Amino acid sequence: MVNKTRVLIIEDEGDIANIIKDYLSVNHFDPHIARTGHEALHYMKEISPDFIILDLSLPDCDGIELCRQIRENSNVAILILSARNSDTDKVLGLGFGADDYMTKPFSLSELVARINAHLRKQDRWLQDNASQMDIIRIDHMEINKNEYTFSCDKKHVPLSAKEFELLFFLMKYRNQVFSKNQLLDAVWGYDAYGDENTITVYIRRLREKVENDPSCPIYIQTVWGVGYKFTTQNHS
């Protein structure tokens, strides 16, 4: 028997939660519903979901804060599904660890397409690592693709899955400049649903974890009018 992908739906509106659950069930997922932040944290321990759909308006907590709490302990992909459609909410959601953002009303078929896109990207990433150890050391930093770990000065630095993949890609192809669209395609694996603002948010988050002074970055540099690159004088 093939294990189905476990999807945790964190949504307090019963009709919406049930519609999503039914549609995911038909599409061969194993969906579970949490109607509060408290229930969501319980399910995180109980079922260890493979994917999370998160509403921002919950009765007992703010969804963005819940996203932050989940991300502290898990690399599971998080898609925010919310009626809030302002750029501020999108930036905050992505800034606190979400991997994707959709606004209500939404298309169920697009929702499933996005879930599958994230899962395919994750599968490809794991398959690429199945037969080889891939470690990059630059200056005082080490990133280990096989163990999904990153460290500075031999101290572990926690990264979300997408933060890790973006940083690994930039470090692997250091000194090469990539546009936002190229980075979206390389890390998220789908251009159709890409939002260039996602890259801006993730670059800022990585600088906060990699650079001594994020406002004057040494490693993750902006090439104005083109994109970003990871650069260093150490080419080891």
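Residues numbered from 1 in each chain as written. Predicted model: local features only at pLDDT ≥ 70, side-chain atom pairs only at ≥ 80, totals over all residues. Heavy atoms only, no water.

### Here we look at the pattern of salt bridges
Move 1: Following the criterion strictly, the structure yields twelve salt bridges and no others.
Move 2: In this structure, Arg137 and Glu142 form a salt bridge, with 2.7 Å as the shortest nitrogen-oxygen distance.
Move 3: Residue Glu163 is joined to Arg205 by a salt bridge in which the shortest nitrogen-to-oxygen separation is 2.6 Å. Taken as a pair, Glu163 in helix H6 (residues 161-172) and Arg205 in helix H8 (residues 196-210) lie far apart in primary sequence, 42 residues in all. When sorted by exposure, Glu163 lands in the same class as Arg205, which is buried.
Move 4: Connected via shared salt-bridge partners are Glu11, Asp55 and Lys104. (Salt bridge = Lys/Arg side-chain N within 4 Å of Asp/Glu carboxyl O. Helix = DSSP H or I, 4+ residues; strand = E, 2+ residues; numbered from the N terminus. Buried < 20%, exposed > 50% of the residue type's maximum accessible area, 1.4 Å probe, protein only.)

### Some details on the packing of H6 against H8
Move 1: Orientation of H6 relative to H8, taken along the N-to-C sense of each, is 80 degrees, at an axis distance of 10 Å. Looking at the two axes, H6 sits roughly perpendicular to H8. From H6, Lys162, Glu163, Leu166, Leu167 and Leu170 reach across to H8, where they touch Tyr202, Ile203, Arg205, Leu206, Lys209 and Val210. (Axes fitted to C-alpha atoms, helices over the stretch in contact; angles between N-to-C directions. Parallel < 35°, antiparallel > 145°, perpendicular 65-115°, else oblique. Contact = heavy atoms within 4.5 Å.)

### Quick notes on the nonpolar core
Move 1: Ile10, Ile52, Leu54, Phe150, Leu167, Met171 and Phe230 are the most contacted members of the largest nonpolar core, which totals 49 residues.
Move 2: Take this core: its biggest share by element is seven residues, from H6.
Move 3: Ignoring any residue separated from it by four or fewer positions in sequence, one finds Phe150 in contact with Met141, Glu142, Ile143, Lys155, His156, Val157, Leu159, Leu167, Met171 and Val210.
Move 4: Listed in part, the 17 residues of the second largest apolar core include Val7, Ile20, Phe29 and Leu79. (Core = buried A, V, L, I, M, F, W, Y, C linked by side-chain atoms within 4.5 Å.)

The quantities given are spatial measurements derived from coordinates; they are silent on function.
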